[in-house]
Amino acid sequence: DTAVSQTPKYLVTQMGNDKSIKCEQNLGHDTMYWYKQDSKKFLKIMFSYNNKELIINETVPNRFSPKSPDKAHLNLHINSLELGDSAVYFCASSQERTVGELFFGEGSRLTVL
Amino acid sequence: AQSVAQPEDQVNVAEGNPLTVKCTYSVSGNPYLFWYVQYPNRGLQFLLKYITGDNLVKGSYGFEAEFNKSQTSFHLKKPSALVSDSALYFCAVRGLFQKLVFGTGTRLLVSP
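A. Looking closely at the interface of chain B and chain A. Listed per partner, the contact involves 20 residues of chain B and 19 residues of chain A. Roughly 1700 Å² is buried in total at the junction of chain B and chain A, and carbon and sulfur atoms are behind 55% of that figure. Joining chain B to chain A, the criterion identifies 3 salt bridges. The partner of Glu101(A) in a salt bridge is Lys49(B), and the shortest N-O contact between them spans 2.8 Å. Applying the counting criterion to the chain B and chain A interface returns 5 residue pairs in polar contact (both at pLDDT 80 or more).

B. Just the nonpolar core, in detail. All names here are of chain B. Core analysis: the biggest nonpolar cluster contains 27 residues, and Trp-35, Leu-47, Leu-48, Phe-74, Leu-76 and Tyr-89 have the highest contact counts within it. Residue assignment for this core shows that the elements contributing at least two residues are β2 (10-14), β3 (19-21), β5 (32-38), β6 (44-50), β8 (64-68), β9 (73-78), β10 (87-94) and β12 (106-111). The residues touching Tyr-89, leaving out its near neighbours within four places in the chain, are Gln-6, Trp-35, Tyr-36, Val-37, Leu-47, Phe-63, Leu-76, Gly-105, Thr-106 and Leu-108.

C. Structural detail: the pairing of strand β8 (residues 73-78) of chain A. All names here are of chain A. The two faces of β8 differ: Leu-74, Leu-76 and Ile-78 on one face are buried, but His-73, Asn-75 and His-77 on the other face are not. Pairing between strand β3 (residues 19-25) and β8: 4 bridges, direction antiparallel. Its bridge partner being in β8, Lys-19 is matched across the sheet by Ile-78. Summarising the sheet, strand β7 (residues 64-70) and β8 pair through 5 bridges and their orientation is antiparallel. Each bridged residue has a counterpart across the sheet, and for Asp-70 the counterpart in β8 is His-73. The turn linking β7 back onto β8 is made up of 2 residues.

Parameters at a glance
Starting afresh in each chain, residues are numbered from 1 along the sequence in its written order. Chain A is the first chain written and ligand 1 is the first ligand written, with later ones labelled in order. Local features in this predicted model are restricted to residues of pLDDT 70 or higher, and side-chain atom pairs are both shown and tallied only at a pLDDT of 80 or more, whereas totals for entire chains, interfaces and linings draw on every residue. Note: side-chain values were computed over all heavy atoms of the structure, leaving out hydrogens and water. A contact between two residues is defined here by any heavy atoms of the two lying within 4.5 Å. When two components associate, each loses some accessible surface as probed by a 1.4 Å sphere; the sum of these losses over both components is called the buried area. Here, a salt bridge means any Lys or Arg side-chain nitrogen found within 4 Å of an Asp or Glu carboxyl oxygen. Polar contacts, as counted here, are pairs of nitrogen or oxygen atoms within 3.5 Å of one another; within protein the pair requires one atom able to donate a hydrogen and one able to accept it, and residues that are adjacent in sequence qualify only if both atoms are side-chain atoms. Nonpolar core, defined: a set of buried Ala, Val, Leu, Ile, Met, Phe, Trp, Tyr and Cys residues in which side-chain atoms within 4.5 Å join the residues together. For the exposure calls, accessible area comes from a 1.4 Å probe over protein chains only, and a residue counts as buried if that area is under 20% of its type's maximum, exposed if over 50%, partly exposed in between. The numbering of helices and of strands both runs from the N terminus, where a helix is a DSSP run of H or I of at least 4 residues and a strand a run of E of at least 2. Following DSSP output, two strands are said to pair if at least two bridges run between them.

Spelled out as structure tokens, the structure:
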């Protein structure tokens with residue numbers, strides 16, 4: 001019973017390709033997030049959705065587009081991949097109205113060649 | 001804007017000794033403070049949080065943290081370190097209706 005699951009766990013692709021990462025949470029949380037962790041382990045928020053509404057949209061290239069079909073799912077699509085997109089992408093969820101802690105997925109390691 | 005500082009890239013401690021991982025923060029309004037741990041090739045796991053109430057917060061795996069408003073600190077502590085505590089630790093802060101901001105992480109290395 002994984003609380004926050006994301007797929008795929010590993011993704012190796014060529015520059016210029018388009019790829020997607022999917023995320024699902026079964027915790028009944030109202031808010032979901034995408035974080036990027038770079039090679040120095042710095043964590044940076046990219047997007048956040050609350051009840052399917054985009055509430056945080058950090059300075060991220062337009063090539064990154066999140067989509068939340070429902071409260072339990074938040075996908076990340078990346079167009080025209082670049083070398084600098086190589087990172088680990090984490091999905092997370094929380095119950096925003098109680099200032100709940102974030103629950104993280106296991107991460108999706110993207111390598112762009 | 002809120003921010004978090006973790007001044008130590010790495011903390012080394014011998015097994016059985018007490019450990020402290022430091023965190024200071026800046027936020028407007030009341031702070032909501034969190035500690036997370038990350039093991040290699042894993043996602044972040046929640047350890048503990050301070051929202052309100054008692055300044056000493058107890059969390060998972062024997063960890064605790066003390067909220068100090070005057071020093072704007074939220075240091076993570078454990079009375080007796082285990083080798084298995086070796087991991088990357090992140091402090092995070094947010095205000096009400098604000099995004100959660102993470103520190104740069106502190107690597108804890110516990111030697112046998």
